[in-house]
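# Breakdown of the fold
Spelled out from the first residue to the last, the chains are:
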Amino acid sequence: MTRTNAQVHLSLQTKLSFIVTLIMALALASNISIDYLNSLKTTEEAGFKKLDTQFAIFEQFTERSTELFEQELNQIPVELYLKTPRSSGLPKALSVNPNISELRILDFNGKELRVWQSANSTSAPKVLQQQLINKVRLEPKPASRIFCESQCYQTSFTPVIADSGRPYIVNGIRDLSPVLLAFNTLTNSDAALGNSPSRLFIATNAGRTKSLINELEKKTAFFHSDAPVYTNTSQGTTVAASRPLNDTLSHSALQLVLLFDDRDAQASIQSSLKNSLVSAGVALLLTVLMTYLALRRALLKLVNLSNAIPMLSDSSYDRLRDSLAKYTKQTRYNDEIDQLNYTVLDVADALEEMEGSVATHRQELLHTIAELKETQEFNNALVNDSPLVIAAFRLNGQMIQLNDYGRKLAGWEKSDVENRSVVDLILPDPIGHTILDNLKPLISGRETRAQSEQLIRNEKGSVSYLTWIHAKVATRSEPMILSVGLDVTERRRTENRLRWLSKHDAITDLLNREAFHTEATQLIEQYRDTHTIELMMFDIDKFSSYNDMYGFQHGDNMLRETARFIERLIACHTIIGRTGTNEFSALLIIDEDDTTTAEKDKVFRVDGHALRFYSALENDAIEVNITAVVARHQEDGETVDDMLSNCAATLRALKPIDRGKVNYISSQVDNRAARQEKVQMHDSIVKALAEDRFVLYFQPIYNLDRNRITHCECLVRMQTEDGRILAPVSFLDIAKASGLMPRIDYLVLKMALMQLRVWADNNIHLKLSVNITADTFESDRFIKQLQQLLTDTGANSGQLIFEVVETEAINNLENAKALCKKLDALDVQIAFDDFGIGFTSFEYLRDLPVDFIKIDQSFIRYIYKRKSDQLLVKSMVDMAQALGKKVIAEGVEDQGSAELLREMGVHYLQGYYISKPCKASRLDLNYTLPTI
Ligand code: C2E
Ligand code: MG
Ligand code: MG
């Protein structure tokens, strides 16, 4: 509720004071009023009572006065008075009582005997006189009556027995004024006699009384009513009544009016009213004051409380507690407001606690909501965006739900799902068991979880490979099966392709060198006794110049055409492999008895037979000459290796004239010369080792994450006696074959560690890769030697990486694993060199704890142009990343390849594009790649 502007604040104190004052005032006023009215009434009644008394007094007083007057007349010495002469003036009696205006002596019959009259005497009416005489005569006792003419008089007839014994009647008339005056003096009341207010004969204080009677008559017409009046007049508060005069006193119908002033009584009422009002006022003031004092503290508490309570809504609990503090000190007599204070404090505590817990709950709620949101997003992403198929179905196979990805793979509409069976979705396994057959243990409850690898076939026919995990889920309504399938189609395809590639050459689809070697060895083993076996090595003449002239694409094309050419050429049982860049080898298993094939093969199995075909080139065709060298099994070599190396040596040694033709080794007596060459090279190597003529070249390895050179690879060079620098290709094979390799490797390792030390001393922190042959690497003393060299040179082992040619490393996997562990303990890292060539080792990658893989140059060099290389490299990068290995691409020769490799997620680049191998002094370590 909000306050409106029209509302006026009126403090409780004011309200209470006002109410107390009002109640008190009303109570006192009504009390005073009642008292006052009662006093008025009492006074009035007292007035009337007094008036009644006055009338009684008046009557008695008049009667008494009449008796005295009659006695006075009775005392008169009648006969004496009768004897006095008529002229002798008023007898003594009259002179003693000046009120007597007439005196008459009558005989008992009523005959007037003598009369004395004063000057202003008024005679009584004759009728009245006669009536009274008769009355006295009838009953001899005085009879008196009042009569009024212009004045009021009393006439009295009294029987008197004279001394002579004769009866007489004495009649006296006296003025009534003295009687009224005496009454007035006695009672302090005024009296008047008359017939009406306008005919008043006599009145005490005549002027004032008459005007008062007139005023009263006007006001109340009291004159002829018996009721007394008590009223305010111009003369004050007057009490008056008019009553007929007792007819024993009066002759005619005379009204007696008595009135008196009751102002004293009124004054006393007024004064008591005044006193009451004053004392009421004082009482009122005292009450208000007492109330105020009694309630002051309570009201202050209440005001304070009412000011404090709004703080609850502001959550200002401390302020509230402060403001209530001075009123909540312990007191002995707690009242309701104290209780209220404590209650408000309790409420504040509870509210504060509640707010605190609400805030905490709110925080927790927000946190939970955020978490839920994240979880929901995660779940949504998991259910719909990840390459996971999530399917739910009843135990009878009826589908309940299938996520987006699953529907995409199956090619189902959302509305299809519920009308389908899981059997329509997941194909039977190779033995023909449906998914429901496979899940029987799960459905029956014997197992809680099941796994399978089963396919999904799309409506359009394409197949997806999935690895499934199935679980039985108890829902409220019925149990169901929840199946989650990981789509491994891509991986499968890549694996298949890699598996295939591991044996084949991607460009020509022929066997690669390794596979050829393996299969050829097996075939020799199988047919050596029954068939003629020849190994034929083919080399495309001037292949590199074709490549340069027409581009790599055409070069690849030429390789493929050559492969097909060779395939067409040979009719007998054969295997053909691509054993070098432009080198092909075929193992011919010749069944001399099989005349058709033998006949056909005879055509080219002739020394000097020219081999050529035409390669299509846009609108032209170029002649491609193939040089072939044939090694006869046993004659020219026992093993495949022997035959291959003999062929290679013969190829290298062929004179130009022999190129483009078939050459039988046996006819090439020259291979002795080749052997001679080998021997010479061996001697040169031994000499160079002795004379310290091996030098290290360094090739930088560029870190794409950090955008700078962080590694270098050591590449060995041999300096000839005449100062030429020989690349490893010239001497390494011979060194390997003659067991010199470990010496070279240790020499290189020592020089590399010394270089590391020099760099460290110059504050250059580069890592150095050292190529090491498997023989050296696997020898028992390798680790010891390494530790010794590290100690001798003081180089940091953490800066060292060994490069082992992948195929060599896995020859003895267990050894390699153990060694890797030892190297890891020394903080030395390991790289797989020339990765991808063999492919046989791909699966071993996860078993060997190598840190880097170096993708072989042959995949990188033309990657910018070859889609197939891109696909291969991408899958190698993905696989390596999945296994947590860093990838180095070797043989990067141009910017396009560098950018492509960066996009693919390769971590390091090495190649002529960055730098050719050079001496340490010529390294540009601050090199950065130009950005596009
Ligand atoms: P690798 O370890 O794979 O070394 C890379 C080879 O590729 C080096 O040849 C290098 O000069 C070359 N190279 C680097 N970038 C490019 C490029 O962009 N284009 C081209 N076409 N080639 C590039 P190098 O120095 O002739 O070495 C050949 C092989 O000899 C090495 O291959 C390695 O297996 C072996 N080798 C070299 N030095 C040593 C060594 O000290 N000890 C051992 N055991 N083997 C060594
Ligand atoms: Mg290397
Ligand atoms: Mg390499």
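Reading the values: rules and limits
- Residues numbered from 1 in each chain as written.
- Chains lettered and ligands numbered in written order.
- Predicted model: local features only at pLDDT ≥ 70, side-chain atom pairs only at ≥ 80, totals over all residues.
- Heavy atoms only, no water.
- Near = heavy atom within 4 Å.
- Polar contact = N/O pair within 3.5 Å; in protein donor to acceptor, adjacent residues only side chain to side chain.
- Areas by Shrake-Rupley, 256 points an atom, 1.4 Å probe, with all protein chains shown as cover.
- Phe/Tyr/Trp six-rings, centres within 6.5 Å; stacked < 30°, edge-to-face > 60°.
- Helix = DSSP H or I, 4+ residues; strand = E, 2+ residues; numbered from the N terminus.
- Buried < 20%, exposed > 50% of the residue type's maximum accessible area, 1.4 Å probe, protein only.
- Lys NZ or Arg CZ within 6 Å of the ring centre and 35° of its normal.
- Disulfide = S-S within 2.5 Å.
- Pairing = 2+ DSSP bridges.
- Axes fitted to C-alpha atoms, helices over the stretch in contact; angles between N-to-C directions.
- Parallel < 35°, antiparallel > 145°, perpendicular 65-115°, else oblique.
- Contact = heavy atoms within 4.5 Å.
- Donors = N, O, S within 2.8 Å, 3.2 Å for Na, K, Ca; no water.

Per an unreviewed UniProt entry, the protein goes by the name Diguanylate cyclase (GGDEF)-like protein/PAS domain S-box-containing protein and belongs to Litorivivens lipolytica.

The next thing to look at is the site of ligand 1. Lining the immediate environment of ligand 1, one finds 24 residues, of which R717, D833, Q857, E893 and Y912 sit closest. One nitrogen or oxygen atom from the side chain of E713 is found 2.9 Å from an oxygen atom belonging to ligand 1. In the environment of ligand 1, an oxygen atom lies 3.2 Å from a nitrogen or oxygen atom belonging to the side chain of D834. In isolation ligand 1 exposes 790 Å². Once the protein is present, 85% of that is buried.

Under the counting rule described, the total for this entry stands at 17 aromatic pairs. Judged by centre distance (6.3 Å) and plane angle (25°), the ring pair of Y546 and Y550 falls under stacked. Within this pair, Y546 and its partner Y550 are both found in helix α17 (residues 543–550), separated by 4 residues, close to a single helical turn. Classification of Y550 by relative accessible area gives partly exposed; the value is 33%. Geometry around F260 places K50 over its ring, the cationic atom sitting 4.2 Å from the centre. Taking NZ or CZ as reference, K916 lies 4.8 Å from the ring centre of Y912, over its face.

Enumeration over the complete set of coordinates arrives at 1 disulfide. One disulfide in the model links C148 with C152; its S-S distance is 1.8 Å. One quick way to see it: the torsion about the S-S bond of C148 and C152 is about 105°, and its sign makes the bridge right-handed. Accessibility classification places C148 together with C152 in one group, the buried group. Left without a disulfide partner, C712 is nearest to the cysteine sulfur of C918, which lies 7.9 Å away. Residue C820 stays outside any disulfide, its sulfur separated by 19 Å from that of C714, the closest cysteine.

Reading across the sheet, the 5 strands line up as β12-β11-β15-β14-β13 and stay open at both edges, with antiparallel pairing between neighbours. With partners counted over all chains shown, the strands left at the sheet margins are β12 (399–402) and β13 (449–457), one partner each. Averaged over all pairs of adjacent strands, the angle between their axes in this sheet comes to 25°, without regard to strand direction. Across 3 bridges, strand β11 (residues 388–394) lies against β12 in antiparallel orientation.

This brings us to the packing of helix α16 (residues 513–527) against helix α20 (residues 640–653). Close contact between α16 and α20 brings their axes to 9 Å; oriented N to C, the two are set at 125°. By the angle between their axes, α16 is oblique relative to α20. Contact with α16, carried on its side by R513, F516, H517, A520, T521 and I524, involves V640, D641, M643 and L644 of α20 and no other residues of that element.

What follows covers the coordination of the magnesium ion (ligand 3). Coordination of the magnesium ion (ligand 3) by the protein comes from D833 (OD), D834 (OD), E890 (OE) and E890 (OE), over a distance range of 2.0 to 2.6 Å. In terms of primary sequence, the donors binding the magnesium ion (ligand 3) are separated according to D-D-x55-E. Here the magnesium ion (ligand 2) and the magnesium ion (ligand 3) are spaced 4.2 Å from one another, each receiving a donor from D833. Of this pair, D834 sits in strand β28 (residues 829–835) while E890 is found in the loop between β30 (886–889) and α30 (895–904), placing the two residues 56 residues apart along the sequence.

Below, the discussion takes up the side chain of T231. For T231, the location among the structural elements is in strand β8 (residues 229–233). Among the residues examined, T231 registers a relative accessible area of 12% and is labelled buried. In this structure the side chain of T231 is engaged in a polar contact, spanning 2.9 Å, whose partner is the side chain of K219. In this structure T231 touches L216, K219, G236, T237 and T238, once residues within four positions along its chain are discounted.

A word on the pairing of strand β10 (residues 255–261). Moving residue by residue along a regular strand, the side chains alternate between the two faces of the sheet. With respect to burial, β10 is a largely interior element, 6 of its 7 residues being buried. Pairing analysis gives 5 bridges linking strand β6 (residues 190–196) to β10, with the strands arranged antiparallel. Bridge pairing in β10 links A191 to L258. Bridge count between strand β9 (residues 236–244) and β10: 7 bridges; the pairing is antiparallel. Bridge pairing in β10 places V239 opposite F260.

Leaving glycine out, the prevailing phi sign among residues is negative, and the prevailing peptide bond configuration is trans. Within the chain, K542 stands out as a residue other than glycine whose phi angle is a positive 50°. As for its placement among the helices and strands, K542 is situated in the loop between β17 (532–540) and α17. Residue classification places K542 among the exposed residues on the basis of a relative accessible area of 61%. One non-glycine residue with positive phi stands out, namely Q634, at about 75°.

The next thing to look at is the coordination of the magnesium ion (ligand 2). Around a metal, the idealised angle for a tetrahedral arrangement of four donor atoms is 109.5 degrees; for an octahedral arrangement of six donor atoms it is 90 or 180 degrees. The protein atoms that coordinate the magnesium ion (ligand 2) are E713 (OE), N771 (OD1), E803 (OE) and D833 (OD), at distances spanning 2.0 to 2.2 Å. Each donor residue of the magnesium ion (ligand 2) belongs to the same chain, and together they define the spacing E-x57-N-x31-E-x29-D. Judged by its relative accessible area of 3%, E713 is buried. Given a relative accessible area of 24%, N771 falls into the partly exposed group.

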